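# Fold and geometry: a report
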Amino acid sequence: MSDEVKKHKGSKMDKSMVGDPVWELMGILFKSHPWHGVRLGDNSPDIVTAYIEVVPTDTVKYEIDKITGHLMIDRPQKYSNTCPALYGLLPRTYCAESVAEFSMEKTGRQDIVGDDDPLDICVLTEKDVSHGDFLVQAIPIGGLRMLDGDEADDKIIAVLKDDAVYGEWRDITDCSVKVVDRLRHYFLTYKDVPGNEKSHCEITHVYGRDEAHEVIRRSQEDYEKRFGRIEDMLTVALRGELH
């Protein structure tokens, strides 16, 4: 294996792909798709790799384009809402049947479905970051059980690994109530239009580390059911083209 390939090994390739010339070449030549091409991490769900789309200073709502992997403007922020944390997604996660089942179990409702999106994550840090479109190592400490209509739309709450202020937190009970309330307020109002009486979103629970881990694991299960192993499918396709 070349030195260049080894340099890319940690971020570009699964351990099972090491030595495969197709994936060695892919890791050198191409940037990974933030949703499908980045690994959640060997230590997940204790420590996860998160892709950040939005930072607190953004005046527009950025979102990954799921086909190309590029960051695009989803919508301008029409009112004074600004996200109080780094906000993005967890790679290779998907909210479908398993995530919805857990939400129904915890809420007692029977009409919940997954939102067919990657699992969202908020990452707390003391640092000011100027723009999104980057990866971070984060430690999940809890989450918000959010429903957008009848769709499960959980928001995992995490802290930036080694952050000077938040880095030692390990559960939502370590987090200030005011910080949680700020996150709750943002997600309960970020889709509201002045004059509309009924809120589109609701948060039924604030949960701790163990439930956050369960939601992450279920979102990984939903991803595998929906997409399978991306590496296996691409390897077959690429080798078919090469031969």
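The structure presented is a predicted model; accordingly, all values stated were derived computationally and were not measured.

## Details of the pairing of strand 6 (residues 120-124)
With respect to burial, strand 6 is a largely interior element, five of its five residues being buried. The side-chain alternation of strand 6 yields two buried faces, one formed by Asp120, Cys122 and Leu124 and the other by Ile121 and Val123. Across four bridges, the pairing between strand 4 (residues 86-89) and strand 6 is antiparallel. Residue pairing across strands places Tyr87 opposite Cys122, the latter belonging to strand 6. In this sheet, strand 9 (residues 155-160) lies alongside strand 6 in parallel orientation, the contact comprising five bridges.

## Concerning the nonpolar core
Membership of the largest hydrophobic core comes to 28 residues, with the highest contact counts inside it found for Ile52, Leu90, Ile121, Val123 and Ile156. Listed by contribution, the elements that provide at least two residues to this core are strand 1 (48-54), helix 3 (97-107), strand 6, strand 7 (134-148), strand 9 and helix 5 (209-227). Residues Val179, Leu183, Phe187 and Cys201 belong to the second largest nonpolar core, which totals 24 residues.

## Let's talk about the state of the cysteines
Enumeration according to the criterion identifies zero disulfides in this entry. With no disulfide of its own, Cys83 lies closest to Cys122 among cysteine sulfurs, the gap being 5.4 Å. Among the residues examined, Cys83 registers a relative accessible area of 3% and is labelled buried.

## Here's the deal with the packing of helix 3 against helix 5
The contact between helix 3 and helix 5 brings their axes to 7 Å, and the two run at 145 degrees. On the side of helix 3, the interface is formed by Glu97, Ser98, Val99, Glu101, Phe102, Glu105 and Lys106, while helix 5 contributes Glu211, Glu214, Val215, Arg218, Ser219, Glu221 and Asp222.

Thresholds applied
Residues numbered from 1 in each chain as written. Predicted model: local features only at pLDDT ≥ 70, side-chain atom pairs only at ≥ 80, totals over all residues. Heavy atoms only, no water. Buried < 20%, exposed > 50% of the residue type's maximum accessible area, 1.4 Å probe, protein only. Helix = DSSP H or I, 4+ residues; strand = E, 2+ residues; numbered from the N terminus. Pairing = 2+ DSSP bridges. Core = buried A, V, L, I, M, F, W, Y, C linked by side-chain atoms within 4.5 Å. Disulfide = S-S within 2.5 Å. Axes fitted to C-alpha atoms, helices over the stretch in contact; angles between N-to-C directions. Contact = heavy atoms within 4.5 Å.

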